[in-house]
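Analysis of the macromolecular model
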Amino acid sequence: MVREAKREDLDGILKLYLCLHETSVPELTEHLTAVWNQILSDKNHHLIVNELDGEILSSCVCVIIPNLTRNVRPYAFVENVVTHSGHRGKGYATQCLDYAKAVAEKQNCYKIMLLTGSKEQTTLDFYTRAGYNCTDKTAFIQWL
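Quick summary incoming for the structure in this document.

Rules and cut-offs
Residues numbered from 1 in each chain as written. Predicted model: local features only at pLDDT ≥ 70, side-chain atom pairs only at ≥ 80, totals over all residues. Heavy atoms only, no water. Helix = DSSP H or I, 4+ residues; strand = E, 2+ residues; numbered from the N terminus. Contact = heavy atoms within 4.5 Å. Core = buried A, V, L, I, M, F, W, Y, C linked by side-chain atoms within 4.5 Å. Buried < 20%, exposed > 50% of the residue type's maximum accessible area, 1.4 Å probe, protein only. Phe/Tyr/Trp six-rings, centres within 6.5 Å; stacked < 30°, edge-to-face > 60°. Lys NZ or Arg CZ within 6 Å of the ring centre and 35° of its normal. Expected span 1.5 Å × (residues − 1). Arc of directions from axis to C-beta.

**A few points about the environment of Arg 7**
- As for its placement among the helices and strands, Arg 7 is situated in the loop between strand S1 (2-4) and helix H1 (10-16).
- When the C-alpha atoms of Arg 7 and Leu 40 are compared, they prove to be 7.3 Å apart, with 33 residues separating the residues in sequence.
- If sequence neighbours within four positions are ignored, Arg 7 has contacts with Trp 36, Asn 37 and Leu 40.

**Points about the nonpolar core**
- The biggest cluster of nonpolar side chains holds 18 residues, and the ones touching the most others in it are Cys 60, Cys 62, Val 78, Val 81, Leu 97, Leu 114 and Tyr 127.
- If you list the elements that add at least two residues to this core, you get strand S3 (55-65), strand S4 (75-83), helix H3 (92-106) and helix H4 (121-129).
- For this core, the leading source of residues is H3, giving six residues.
- Sequence-distant contacts of Leu 114, that is, excluding residues within four places in its chain, are made with Val 78, Val 81, Leu 97, Tyr 127 and Tyr 132.
- Core analysis: the next-biggest nonpolar cluster, separate from the first, contains 14 residues, Leu 16, Tyr 17, Trp 36 and Val 82 among them.

**Quick look at the packing of aromatic side chains**
- Within this structure, the stated rule accounts for two aromatic pairs.
- Here the aromatic rings of Tyr 75 and Tyr 110 are separated by 6.4 Å at their centres, their planes lie at 75°, and the arrangement is edge-to-face. With Tyr 75 in strand S4 and Tyr 110 in the loop between H3 and strand S5 (112-114), this pair connects stretches of sequence that are 35 residues apart.
- For Tyr 110, a relative accessible area of 24% corresponds to the partly exposed category.
- The lysine or arginine in question, Lys 111, covers the ring of Tyr 75, its NZ or CZ lying 5.5 Å from the ring centre.

**Structural notes on H3**
- The end-to-end C-alpha separation of H3 is 21 Å, in line with the 21 Å expected for 15 residues at 1.5 Å each.
- Residues of H3 that are buried include every one of Tyr 92, Ala 93, Cys 96, Leu 97, Ala 100, Val 103 and Ala 104, and no others. Angularly, the buried residues of H3 cover 140° about the axis, an arc narrow enough to put them on a single face. Structural note: H3 exposes Glu 105 and Lys 106 on the side pointing more than 90 degrees away from its buried face.
- Each element contacted by the buried residues of H3 is listed here: S1, strand S2 (45-52), S3, S4, S5 and H4.

The values are spatial; any link to function lies outside them.
Pasting the structure below:
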């Protein structure tokens, strides 16, 4: 079932992020709790999960960004797309991206942007099949 994250999903999401790029589950500190509460209360921040039998198998984040161009229409940014390594290739992440697209359309966004650090052709092909292209824009990153 694809849905937006609930308060009790934090542990499952943090464990899922071990399949993304994290190397450990962070300690439940006051700072982590404050960030989690901020995410849950932000109407423009959509942490989307795909759950099966009580286990979060896939997730992505979709942030709606207010904008003064394009007839004052917002745009969406998708990040942290991940599926548990034992459940890849079954459509779970595609369902999360479809949910994110529906959120963006409902908010009248004029585009959705997605960045990936992967150079794996299978990953790039996955994003292409999901409707994204890598030819319209050039992304630059400055790590802080």
